[in-house]
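This is what each chain is made of:
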Amino acid sequence: MPDWAQAVRDRLAGLNLNGAREAEIVEELARHLDDRYRELLAAGLPEEQAHSLAVEELETRDMLAAQLRKTRLPAAREPMGFGSGGGNIMESIRHDLKVALRIIRAKPGFSLAVVFMLALGIAGNAAIFSIFNGLFLRPLPFAQPERLVDLDETAPKWNLKYVGVSNPDAYAWFKGNATFDGMAFFHGGGANLSNSSGVARRIKTATVTYRLLDVLGLKPAAGRGFLPEEDRPGGAKVAMLGYDLWQRLYYGDRRAIGQVLKLSEEAYTVVGILPREAILPPDAEVWTPLAADPNKASPFYLSGVGRLKHGVTLDQAKADLARIHREQAQAKDDTYPVMQPLRDRYLGDFRTVVNILLGAVGLVLLIACVNVAGLMLVHGESRAREISIRTAIGASRARIVRQLLTESLALAFIGGLLGVAAGKVCLHALVSLMPDDTPHWIRFDLDARFALFAIALTGAAAVLCGLLPAVQAASADTRGALQEVARSTLTRGKRGVLSVFVIGEIALAVILLISSGLLVQAFRKVLHVDPGFRPDNVITWSLRLPVAKYAKPEQQLAFFESLVDRLKSVPAVSSVSAASIVPLDGHMGYFFEAENGLPTKDQRPVVLQITALPGYLEAMGMTFLAGHDFTRHDEAADAPQVAVINEAFARFFWGSTDVAGRRIRYPGGNNKWMTVVGVIRTTMHYGLDGEIRPSVIVPFSVSTVNGMTIAMRTAIDPHSLASPAREIVRQLDPDLPMFDIRTMSERLERSLWVRRAYSWLFAAFAAVAILLAAAGIYGVISFAVSQRTREIGIRIALGARPAQVMRTVIGSGMLLVLIGLAAGLAASQLSARFLESMLFGLSTRDAVTCISVLSGVALVGLAANFIPARRAAAVDPMHALRAE
Amino acid sequence: MSNQSIDRDLKKGSAELLILSLLNGRQRHGYEIGKLIETRSKGALVFRVASLYPLLYKLEDRGWIQGRWVEKPGQRRRRYYRLTAAGRKILAERQVGWAAFVEAIRRITGAEYA
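Source: prediction; values computed, not measured. (Residues numbered from 1 in each chain as written. Chains lettered and ligands numbered in written order. Predicted model: local features only at pLDDT ≥ 70, side-chain atom pairs only at ≥ 80, totals over all residues.)

Engineer: Would you mind showing me how to read the overall build of chain B here?
Structural biologist: From N to C terminus, chain B includes 4 helices and 3 strands. In sequence order, chain B lays out its α and β elements as α-β-α-α-β-β-α. The 114 residues of chain B split such that 30% are buried. In chain B, of all internal contacts separated by at least 6 residues, the share reaching a separation of at least 24 is 42%. (Helix = DSSP H or I, 4+ residues; strand = E, 2+ residues; numbered from the N terminus. Buried ≥ 20, exposed ≤ 12 C-beta atoms within 10 Å, placed from the backbone. Contact = placed C-beta atoms within 7 Å.)

Engineer: How should I be thinking about the sheet that holds strand 2 (residues 65–70) of chain B in this particular structure?
Structural biologist: Think of a sheet as strands paired side by side through backbone hydrogen bonds, with each pair either parallel or antiparallel. Residue and element names in this part refer to chain B. The 3 strands are arranged 1-3-2 in an open sheet whose pairing can be described as antiparallel. Strands at the two margins of the open sheet, each flanked by one partner only, are strand 1 (28–29) and strand 2. As paired elements, strand 1 and strand 3 (residues 78–83) share 2 bridges and run antiparallel to each other. Looking at strand 3, one finds that arginine 28 is bridged to tyrosine 81. (Pairing = 2+ DSSP bridges.)

Engineer: Explain helix 23 (residues 789–797) of chain A to me, please; I cannot follow it from the model alone.
Structural biologist: All names here are of chain A. Along helix 23, the positions that sit buried rather than exposed are Thr789, Ile792, Gly793 and Ile796. Buried positions in helix 23, seen along its axis, are confined to an arc of 105 degrees and lie on one side of it. In the segment just after helix 23, glycine 799 is the residue with positive phi, at about 110 degrees. (Arc of directions from axis to C-beta.)

Engineer: Would you mind going over the pairing of strand 9 (residues 303–308) of chain A with me for this structure?
Structural biologist: Residues and elements named next belong to chain A. Counting buried residues along strand 9, 6 of its 6 residues qualify, which places the element largely inside the surrounding structure. Along strand 9, one buried face is formed by Ser303, Val305 and Arg307 and the opposite face, lined by Gly304, Gly306 and Leu308, is buried too. One ladder, built from 4 bridges, connects strand 1 (residues 148–154) with strand 9; its direction is antiparallel. Its bridge partner lying in strand 9, leucine 151 is registered against glycine 304. Across 6 bridges, strand 2 (residues 180–194) lies against strand 9 in antiparallel orientation. Paired with phenylalanine 180 across the strands is leucine 308, a residue of strand 9.

Engineer: Would you take a moment to explain the sheet that holds strand 12 (residues 573–579) of chain A for this structure?
Structural biologist: All names here are of chain A. Pairing is antiparallel in the open sheet, where 4 strands are placed in the order 12-21-11-22. Each edge of the sheet is formed by a strand with only one pairing partner; in this case those strands are strand 12 and strand 22 (739–743). Between one strand and the next, the sheet's axes are offset by a mean angle of 15 degrees, whatever the strand orientation. Looking at chain direction, strand 11 (residues 538–544) and strand 21 (residues 707–714) are connected through 7 bridges and run antiparallel. Bridge pairing in strand 21 places isoleucine 539 opposite methionine 712. Sheet strands touched by helix 17 (residues 553–568): strand 12 and strand 21. Its angle to strand 12, the strand with the most contacts, is close to 165 degrees. (Axes fitted to C-alpha atoms, helices over the stretch in contact; angles between N-to-C directions.)

What follows is the structure, encoded as structure tokens:
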């Protein structure tokens, strides 16, 4: 008998099998060869031929060894790659990707839907988050910004949250505190900057205490900062140039230092250049020393910034300043020091808006995720059969999972890429909507980390739900899955998940729609507020007379009067006059008392005082409730003092508007009484959604000002008046720059930009949400219908009418929609509380909004259900039955 | 699915399915398995030692089949293979999948002549 064992052993050489195992294999294979040999002999073959045929079974020795090596060595588990044997990893990834892209291309509708939803969710989030990040998360460009606090005073009695700091208070805090490393104060203003060729322009300036740069932890870009002796009354006239102005005026030449600047006709020597990254106040182009006298009383006008000592908390510092305040000689109970982190003071206004928008985009992202998840689930379901077959014929679970993973990741990647690109565009649009007065050192770059986060989040949703069918199909439950496939219906579990998805999407969309509906309603309500003046066809622009040239009030009055007279001659001007402050332009507060009026002991509201020329109220389109305007006779210094008050003033002090002839004065027995000659309707001076304050309009004889805003009313396009006006100003004084040239309509628009922006942004998000939700419902219901084609076919064959079929399909879909509506309505009542402060008095239960949203969503839901229902009703029973 | 991978899946999967099917309900030794495949396929499928045994060892490694030495009086011992519980489960799944696959193929190829 041939030695089979040896033949086998020869061919196993080099495999290094362990002895016992090799012996077993040798024995088993030898036995096989022997069986074969015997069989061949039995069939009548000669020994020699039988032997060679049996040995042939072993084929080449390399073949056997190679095959066995694959199965017997520990490392030779089934390879993960597609190629046989090892194959390199890059090669196999590339292969996976190729297959994934082919599948993505093969289902363009599905792929586009997934990519679109991902992109939508990511774009909105990336844009809004970048703004949030720029405003609130990115550190301020100062050294150790967390130690910087804003210092101010508050005056609840005057109905003012912030009044500013007075000189004596600022000095007392600066000298007496034990909790600050440094403290500085500043006051923003403006100046006419004249250059050598005599052309003047208006720039923003700030007077600052000498330590401001130090406190912020900044160094001059060139030159030096201010010295203590320059920051005293009578100190040298020196200035620091803002970086941008330095570039514009001197092209960044260091020789600018030592040059003389003419600011409002006064000469200042440039001693230093401000650093580029950070200036306080944010828009100042030139700093000059404050040089205040700490011993003289002053109005409250300074802004303060302090640097806390290491380890000192905000509360400790507050207690410290409160102590100083109490110890100050003069008993003062009208104002109190207040402080807060610097960022909060400058950006606090945006916080609510941005938080709410962030919430809205979060919801949109969530809806997008849910939608993608639903799509992937449905898609996976429709691929269950393919997956089962592949599993059955030997594809390993790992390989199928990897294939689906690659597909999901490829979709997530494309969606993410598009989303980030679209997000950049959105961000750009949003930033261009931001008001000019956002500090320029706030940067809104698309935050890469966040973009990655959004991509990862939506990608994870896609991947998880994309893998679910693979894991299920590839698990031991395959038989069940295949039988289900054979029946072509969804598992109850998955149908449940999809139902929850639909309900959730509807609910989320309802929350967003109701919120945005409320905001838009509130915005419309604001738009319908009567401003108290007629904003159309009025252009306004400002002039400030340098005191060095126009020292006396008479000179100032004469200038403004002759200017107004000349402007009247401009063609198409119907009325023109001037005032110190026009609506939506700012605030100048004074206190008044009224003869026989409410005493002002406990409550002293701050009164907006405006100095106006005769005819201003008419030019601005304000209405008199009683009395009349003052005239040029009232402007003479020796004329009896008169004033016009607004309705709010009259009602507060006298409880009536019929008060012409009554008298008011500044508090204090020595002050002259002013006779009220007229009462006007209250204007929305602080914005259509702003507060209402008592106001007094006085002639020049009562209060003089060196800066005024001219208002020109016309019947034509008001912008066309700017250039003849400029020519007239030049004739009067070529050194005077006109600034803040805006129509009143533009001022009104600007005052509403934040509300407009967030209202419409929210509406846009809500629109996206309902679009996504509708797509979600449509997708899920269509899929359910397509899966039930056979069942529906049987029903129709058994006599169900198409209308009945439609009712059933729509009924099951609308049930989900209705549950979603109810859930969304309930949740929106909770979420609307966050909006309350922005709703301008609108109830969060505003019936119009809620009902229109609910019925709108129900209609959209119905439409999304209707199409698949009609398809179901049109099922041809024979066709449906044969299809299986 | 690429053609390559289908092809590979198919060959590998079908061979495994053949072996699992033959071991369903009774244990057999390697020679018998090879013989049965050859005879039942009327010679269309032939597994030689070099391909049959590595496959058996692989299935055994996966825990789908289990081999053990059986001695019968007057004979040298043989290694018999039988299905494990896991193997039976896999077989059931693959039978359904295979049926679906064949049905799919039939529909497509059948359509050519329909």
